Amino acid sequence: MQHPEPSVSVSSSPYFDEAHSADVVNARMDPNADVRLKKITSILVRHLHAAVKEIEPTHEEWFAAIRFLTETGQMCTDWRQEYILLSDILGVSMLVDAINHRRPSGATPNTILGPFYVANAPEYKSGANICLDGKGEPLVVAGRVTDIGGTPVPNAKLEVWQTNDDGFYDVQQKGIQPDSNLRGVFTSDAEGRYWFKSVKPRHYPIPSDGPVGKLLGAMGRHPNRAAHLHFIVTAPGYDPVITHIFTPDCPYLSEDAVFGVKRELIAEFNKIDDPDAAREIGFKAPFWSVTWDFTLATSTNPTRAIA
Ligand code: BEZ
Ligand code: FE
């Protein structure tokens, strides 16, 4: 009996030809290679070949791409990870994060970590001011850490960091800003409450003096991140949350350079022009106030839980 032709023709030849290029490469894989590696590399080969076929690059364009990747690698140091920046501006960092943190509704969503997190920042008591350079508009941040049912989570660790009013993180300006300016670690109390003082964040550009900045410019995109405070909130038995809170009045909210904004993370910042309220917390009026609650999801992946 005659069998119909398969709809997708797969070459059985080991020799390269344009039509079957990805199949020829993938057929070379050792069947005993690691299963995950086989899956990843074969998918990458398939999509890469499809992209090249669609683009039909000239040799000059292909070498320009190789040069771009070379320069991206050369830009990397202990402090500068240009490849992560590339992944950030292409939306891939946010996509990987979304795939890995599909939380139940109501839980605080994740967003991008960014390169300026520093472990072991100073630990503070509730109410401390993390702004050590005195610049910017004073802000008080307060709220609760709870589980999805609203039960308080005591002893949650809240790590916070942000830029100063000039738009730089302390680690970008060593010797200019005080060490650990605008970063610190707080702990929620028995009712899950936390609070601290800081300054209203402002928008700032991601590092754009390298190949990724050049690419952004060539694409007609700006390098600005919408104004935010970073948080990592962890508690035993809960999925750690790496997130931000965004100011609602930032002009870059809908065009964040790294696609980090999520609607649920835009907070209400209220300007308080009340000298008594200001005096009570050691500020002068006016000051900004934001109330922000973190809702933690029970960890579903034991390898991701903090013990
Ligand atoms: C940040 O928010 O700190 C950041 C995120 C991605 C790239 C650069 C900076
Ligand atoms: Fe940031």
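Residues numbered from 1 in each chain as written. Chains lettered and ligands numbered in written order. Predicted model: local features only at pLDDT ≥ 70, side-chain atom pairs only at ≥ 80, totals over all residues. Heavy atoms only, no water.

1. Let's talk about the domain arrangement of the protein
Part 1 of the reasoning: Taken as a whole, the protein is organised into domain 1 (7–56) and domain 2 (84–296).
Part 2 of the reasoning: One C-alpha centre belongs to domain 1, the other to domain 2; they are set 43 Å apart. (Domains from an automatic or database assignment.)

2. Regarding the coordination of the iron ion (ligand 2)
Part 1 of the reasoning: Within the protein, the iron ion (ligand 2) binds to Tyr169 (OH), Tyr204 (OH), His228 (NE2) and His230 (NE2); these donor distances fall in the range 1.9 to 2.1 Å.
Part 2 of the reasoning: Site description for the iron ion (ligand 2): donor spacing in sequence, Y-x34-Y-x23-H-x1-H. Within this pair, whereas tyrosine 169 is found in the loop between strand E2 (157–161) and strand E3 (183–187), its partner histidine 230 is found in strand E7 (residues 228–234), the two being separated by 61 residues in sequence. You'll find tyrosine 169 and histidine 230 in the same group, each marked buried. (Donors = N, O, S within 2.8 Å, 3.2 Å for Na, K, Ca; no water. Helix = DSSP H or I, 4+ residues; strand = E, 2+ residues; numbered from the N terminus. Buried < 20%, exposed > 50% of the residue type's maximum accessible area, 1.4 Å probe, protein only.)

3. Details of the pairing of strand E10 (residues 287–291)
Part 1 of the reasoning: Summarising burial for E10: four of the five residues are buried, a large majority.
Part 2 of the reasoning: In this structure, strand E1 (residues 138–147) lies alongside E10, joined through four bridges in parallel fashion. Bridging from a neighbouring strand, valine 140 pairs with serine 289 of E10.
Part 3 of the reasoning: Strand direction decides the pairing type here: strand E9 (residues 269–272) and E10, joined by four bridges, are antiparallel. Among the inter-strand pairings, lysine 271 is bridged to a residue of E10, identified as tryptophan 288. (Pairing = 2+ DSSP bridges.)

4. Concerning the nonpolar core
Part 1 of the reasoning: Formed by 36 residues in total, the largest nonpolar core has its most connected members in Val141, Val145, Phe196, Leu229 and Phe231.
Part 2 of the reasoning: If you list the elements that add at least two residues to this core, you get E1, E2, strand E4 (193–199), E7, strand E8 (241–246), E10 and strand E11 (294–296).
Part 3 of the reasoning: Not counting residues within four places of it along the chain, the set of residues in contact with leucine 229 comprises Leu139, Val141, Val160, Trp161, Gln162, Phe196, Pro201, Thr243, His244, Ile245 and Phe269.
Part 4 of the reasoning: Leu85, Ile206, Val212 and Ala257 belong to the second largest nonpolar core, which has 10 residues in total. (Core = buried A, V, L, I, M, F, W, Y, C linked by side-chain atoms within 4.5 Å. Contact = heavy atoms within 4.5 Å.)

5. Here we look at the side chain of threonine 108
Part 1 of the reasoning: On the secondary structure map, threonine 108 appears in the loop between helix H5 (92–100) and E1.
Part 2 of the reasoning: At 2.7 Å, the side chain of threonine 108 and the backbone nitrogen of threonine 295 are in polar contact.
Part 3 of the reasoning: Residue contacts for threonine 108: discarding those within four places in its chain leaves Arg103, Val241, Thr243, Leu265, Asp293, Phe294 and Thr295. (Polar contact = N/O pair within 3.5 Å; in protein donor to acceptor, adjacent residues only side chain to side chain.)

6. Describing unusual backbone geometry
Part 1 of the reasoning: In the segment running from alanine 285 into proline 286, the intervening peptide bond is cis, with an omega of -5°.
Part 2 of the reasoning: As for its placement among the helices and strands, proline 286 is situated in the loop between helix H7 (275–280) and E10.
Part 3 of the reasoning: For asparagine 120, which is not glycine, the phi dihedral falls at a positive 60°.
Part 4 of the reasoning: Note that asparagine 120 resides in the loop between H5 and E1.

7. Comments concerning the UniProt feature "domain: Intradiol ring-cleavage dioxygenases" (unreviewed entry) in the protein
Part 1 of the reasoning: As recorded in UniProt, the sites labelled "domain: Intradiol ring-cleavage dioxygenases" (unreviewed entry) are residues 141–169.
Part 2 of the reasoning: Measuring from the first to the last C-alpha atom of residues 141–169 gives 19 Å, for a span that is 0% helix and 41% strand. (UniProt positions renumbered as here; feature names shortened; annotations may be inferred.)

8. Comments concerning the layout of surface pockets
Part 1 of the reasoning: Roughly 520 Å³ of volume is contained in the largest pocket.
Part 2 of the reasoning: Forming the boundary of the largest pocket are 22 residues, of which Trp79, Arg80, Gln81, Pro115 and Phe116 lie nearest the centre.
Part 3 of the reasoning: Of the voids in this model, the second largest pocket is the one considered here, and its volume is about 340 Å³.
Part 4 of the reasoning: What lines the second largest pocket is simply Ala64, Arg67, Phe68, Leu69, Glu71, Leu86, Leu90, Val92, Pro211, Lys214 and Leu215.
Part 5 of the reasoning: The leading source of residues in the lining of the second largest pocket is helix H3 (residues 59–74), at five residues.
Part 6 of the reasoning: When its residues are assigned to classes, the lining of the second largest pocket shows eight nonpolar, no polar and three charged. (1 Å grid on protein atoms, 1.4 Å probe; cavity = no way out; pocket = protein on both sides within 12 Å on 5 of 7 lines; lining within 4 Å. Points joined across faces, edges and corners; volume = space filled by probe spheres on them. Nonpolar A, V, L, I, M, F, W, Y, C, P; charged D, E, K, R; others polar.)

9. Quick notes on the site of ligand 1
Part 1 of the reasoning: Every residue near ligand 1 is listed here: Leu85, Asp88, Gly114, Pro115, Phe116, Tyr169, Tyr204, Ile206, Arg225, His228, His230 and Val258.
Part 2 of the reasoning: The separation between an oxygen atom of ligand 1 and a polar side-chain atom of tyrosine 169 is 3.3 Å.
Part 3 of the reasoning: In the environment of ligand 1, an oxygen atom lies 2.6 Å from a nitrogen or oxygen atom belonging to the side chain of tyrosine 204.
Part 4 of the reasoning: Surface burial for ligand 1 is 100%, taken as the share of its 270 Å² of free accessible area covered by protein chains.
Part 5 of the reasoning: Listing elements by their share of the shell around ligand 1, those giving two or more residues are helix H4 (82–89) and E7.
Part 6 of the reasoning: Across the shell around ligand 1, the residue classes break down as seven nonpolar, three polar and two charged. (Near = heavy atom within 4 Å. Areas by Shrake-Rupley, 256 points an atom, 1.4 Å probe, with all protein chains shown as cover.)

10. With respect to the packing of aromatic side chains
Part 1 of the reasoning: This model, assessed by the stated rule, comprises 10 aromatic pairs.
Part 2 of the reasoning: When the ring of tyrosine 169 is compared with that of tyrosine 204, the centres are 5.4 Å apart and the planes differ by 90°; the resulting orientation is edge-to-face. Of this pair, tyrosine 169 sits in the loop between E2 and E3 while tyrosine 204 sits in strand E5 (residues 204–205), and the two are 35 residues apart along the sequence.
Part 3 of the reasoning: Relative accessible area serves as the criterion here: at 0%, tyrosine 169 is assigned to the buried category.
Part 4 of the reasoning: Taken together, the ring pairs in this structure connect Tyr124, Phe186, Tyr194, Phe196, Phe231 and Phe294 into an aromatic cluster.
Part 5 of the reasoning: For lysine 197, the ring lying beneath its charged end belongs to phenylalanine 283, and the centroid distance is 5.5 Å. (Phe/Tyr/Trp six-rings, centres within 6.5 Å; stacked < 30°, edge-to-face > 60°. Lys NZ or Arg CZ within 6 Å of the ring centre and 35° of its normal.)

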